[in-house]
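One letter stands for each residue in the lines below.
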Amino acid sequence: MSGAAVGTTELRARFARSLSALYGSEVPAYTTLVEVSEAVNADVLAAMGPEAERLGSVARVTAERHGAIRVGTPEEIAQVGRIFGACGMFPVGFYDLREATPPIPVVSTAFRPIEGAELAANPFRVFTSMLVVDDRRFFDARTQSQLEEFLGSRRLFPDELLDLADLAEKAGGLSSYDAERFLELATASFALSPEPVDRAWYDHLESISSVAADIGGVASTHINHLTPRVLDIDDLYRRMTALGIEMIDRIQGPPRTSRPAVLLRQTSFRALAEPRTFREPDGTIVRGELSVRFGEVEARGVALTPAGRSLYDARGIDAFPDTEQGLHDAGLAHYRRDDAGLLQPIVYEDFLPTSAAGIFASNLTSDGSVDAAQRAAARDATWLQAALGRTLHDPYALYAAQV
Ligand code: OOG
Ligand code: NI
């Protein structure tokens, strides 16, 4: 415990709230999504009673969000690690989206709390992707060096923010005054920038990958989506569609089933056109629009063990037992025994590579261009851990430790 006025747990909860307010002001449809999610959750609670809270208290689920951000360099992701570290969020898992269909030129991790009590207090997580500029399958030598120059000369986060982050992580929190300042600077760093976008450069990157353009074609980063959690995602999907909001054509992850909910199910509304300013090749500044940011929503189930995950990946949800006791006895999912000796599910707190790929893909303007004959750049969990300069946690080890 620290003596700081605002501890890391409260900093995280306030950061999630402040980003939510920002995203709602930038993307009004997000506010609709949050309202519909809250209405669905209230209805599930009314219909099911305490059973609805089996996978997290209503307070947790109502405040629960995951964000997504995308950065360009190892230095940038290390800075992101410091900012989230201040909020008690640590990198968990390694995702290589270059292996996805269509391939995306990024590797990713998720910053999140890692202990049961912290997850219960506020499980805010941020899926964070980093561009792989030296992967020749996507970027030729000239584009790589242009990207390196562009990314190397920008500063996503002011020094004052990084210093406050280091102070918070070291002291376990901040004074009220410093906490306000930290939240103000951190939130502003993830706002959409009014800076004009260099049209020719952006278009060049977009012809390779929309995600590369979103990262390397603009001078700052931004929240790409902020996802509330819902207790009945099929109902949410129907209600959003009835409101005339265009959803992607499916729910990613396990199909609806009467079996216990496992892992993660996600869907989203399509990226909306947002006004942006552009600098044309002749130097004139014009108003235009980009469709990059969207609204995702998710439902979470129990965390699977490695055996459960292999079974899910090989045979799908139909291969699973019908009951929680069955899942537990077969060693397929994580449960802990409460004081009364009853089985309590351990919530899945991470992401799914196929689902993430589907979420990326459903909002791309084109598949981009990839030359599979070219040399891939080596990236793995060990590489990312070194870039971050902090432990990259293994999700399976964390679930096992929560029991
Ligand atoms: C991240 C996509 C992955 C999820 O929920 O699987 C993700 C992005 O679009 O940057 O957020
Ligand atoms: Ni997401």
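Read on for an overview of the structure. None of these values were measured; they are calculated from a predicted model. (Residues numbered from 1 in each chain as written. Chains lettered and ligands numbered in written order. Predicted model: local features only at pLDDT ≥ 70, side-chain atom pairs only at ≥ 80, totals over all residues. Heavy atoms only, no water.)

### Quick look at the sheet that holds strand β4 (residues 106–112)
Across the sheet, which stays open at both edges, the five strands sit in the order β3-β4-β5-β2-β8 with mixed pairing between neighbours. The sheet terminates laterally at β3 (90–96) and β8 (225–228), the two strands that pair on one side only. Recorded for the sheet is a direction-independent mean angle of 20° between the axes of neighbouring strands. Taken together, the five bridges between β3 and β4 define a ladder with antiparallel strand orientation. Bridge pairing in β4 places P91 opposite F111. (Pairing = 2+ DSSP bridges. Helix = DSSP H or I, 4+ residues; strand = E, 2+ residues; numbered from the N terminus. Axes fitted to C-alpha atoms, helices over the stretch in contact; angles between N-to-C directions.)

### A few points about the coordination of the nickel ion (ligand 2)
The protein atoms that coordinate the nickel ion (ligand 2) are H66 (NE2), H225 (NE2) and E296 (OE), at distances spanning 2.0 to 2.1 Å. For the nickel ion (ligand 2), the single-chain donor residues occur in sequence as H-x158-H-x70-E. Linking H66 in strand β2 (residues 65–71) with H225 in strand β8, this pair joins segments that are 159 residues apart in sequence. The exposure class assigned to H66 is buried, which follows from its relative accessible area of 1%. (Donors = N, O, S within 2.8 Å, 3.2 Å for Na, K, Ca; no water. Buried < 20%, exposed > 50% of the residue type's maximum accessible area, 1.4 Å probe, protein only.)

### Section: the side chain of T143
Along the chain, T143 falls in helix α6 (residues 141–152). Look at T143 and you get buried, because its relative accessible area is 2%. A distance of 2.7 Å separates polar atoms of two side chains, one belonging to T143 and the other to D140. Ignoring any residue separated from it by four or fewer positions in sequence, one finds T143 in contact with W201, H204, L205 and I208. (Polar contact = N/O pair within 3.5 Å; in protein donor to acceptor, adjacent residues only side chain to side chain. Contact = heavy atoms within 4.5 Å.)

### Looking at the pairing of β2
Most of β2 sits out of view: seven of its seven residues are buried. Across the two faces of β2 the burial is the same, with R65, G67, I69 and V71 and H66, A68 and R70 all buried. Across four bridges, β2 lies against β8 in antiparallel orientation. Looking at β8, one finds that A68 is bridged to H225. Bridging between β2 and strand β5 (residues 125–131) involves six bridges; their strand directions are parallel. The residue of β5 that forms the bridge with I69 is T128.

### Regarding the packing of helix α4 (residues 74–85) against helix α15 (residues 381–388)
Between α4 and α15, whose axes approach to 8 Å, the crossing angle comes to 70°. Of the possible angle classes, the one that applies to α4 and α15 is roughly perpendicular. Where α4 approaches α15, its residues P74, I77 and A78 are matched on the opposing element by W383, L384, A387 and L388. Grouping the constituent residues of the contact of α4 with α15 by class yields seven nonpolar, no polar and no charged. (Parallel < 35°, antiparallel > 145°, perpendicular 65-115°, else oblique. Nonpolar A, V, L, I, M, F, W, Y, C, P; charged D, E, K, R; others polar.)

### Details of empty space enclosed by the protein
What the rule picks out here adds up to three cavities of 30 Å³ or more. Within this model, the largest cavity holds a volume of roughly 140 Å³. Residue lining of the largest cavity: 15 residues in total, with A68, F127, H225, I359 and F360 positioned closest to the centre. Residue assignment for the lining of the largest cavity shows that the elements contributing at least two residues are β2, β5 and α14 (353–362). (1 Å grid on protein atoms, 1.4 Å probe; cavity = no way out; pocket = protein on both sides within 12 Å on 5 of 7 lines; lining within 4 Å. Points joined across faces, edges and corners; volume = space filled by probe spheres on them.)

### Side note on the packing of aromatic side chains
Here the structure, examined in full by the defined rule, presents 14 aromatic pairs. With a centroid separation of 6.5 Å and an interplanar angle of 80°, the aromatic rings of Y95 and F351 are classed as edge-to-face. Taken together, the residues Y95 in strand β3 and F351 in the loop between β14 (343–345) and α14 connect sequence positions 256 residues apart. On the accessibility criterion, Y95 (6% relative accessible area) is buried. The class for F351 is buried, based on a relative accessible area of 4%. A ring pair is formed by Y348 and Y399, whose centres lie 5.9 Å apart and whose planes are at 25°; its orientation type is stacked. In this pair, Y348 is assigned in the loop between β14 and α14 and Y399 in helix α16 (residues 395–402), connecting sequence segments 51 residues apart. An identical accessibility class is assigned to Y348 and Y399; each is buried. Here a set of aromatic residues connected by ring pairs shows up, and it is made of F15, F84, F111, F124, F157, F182 and F190. (Phe/Tyr/Trp six-rings, centres within 6.5 Å; stacked < 30°, edge-to-face > 60°.)

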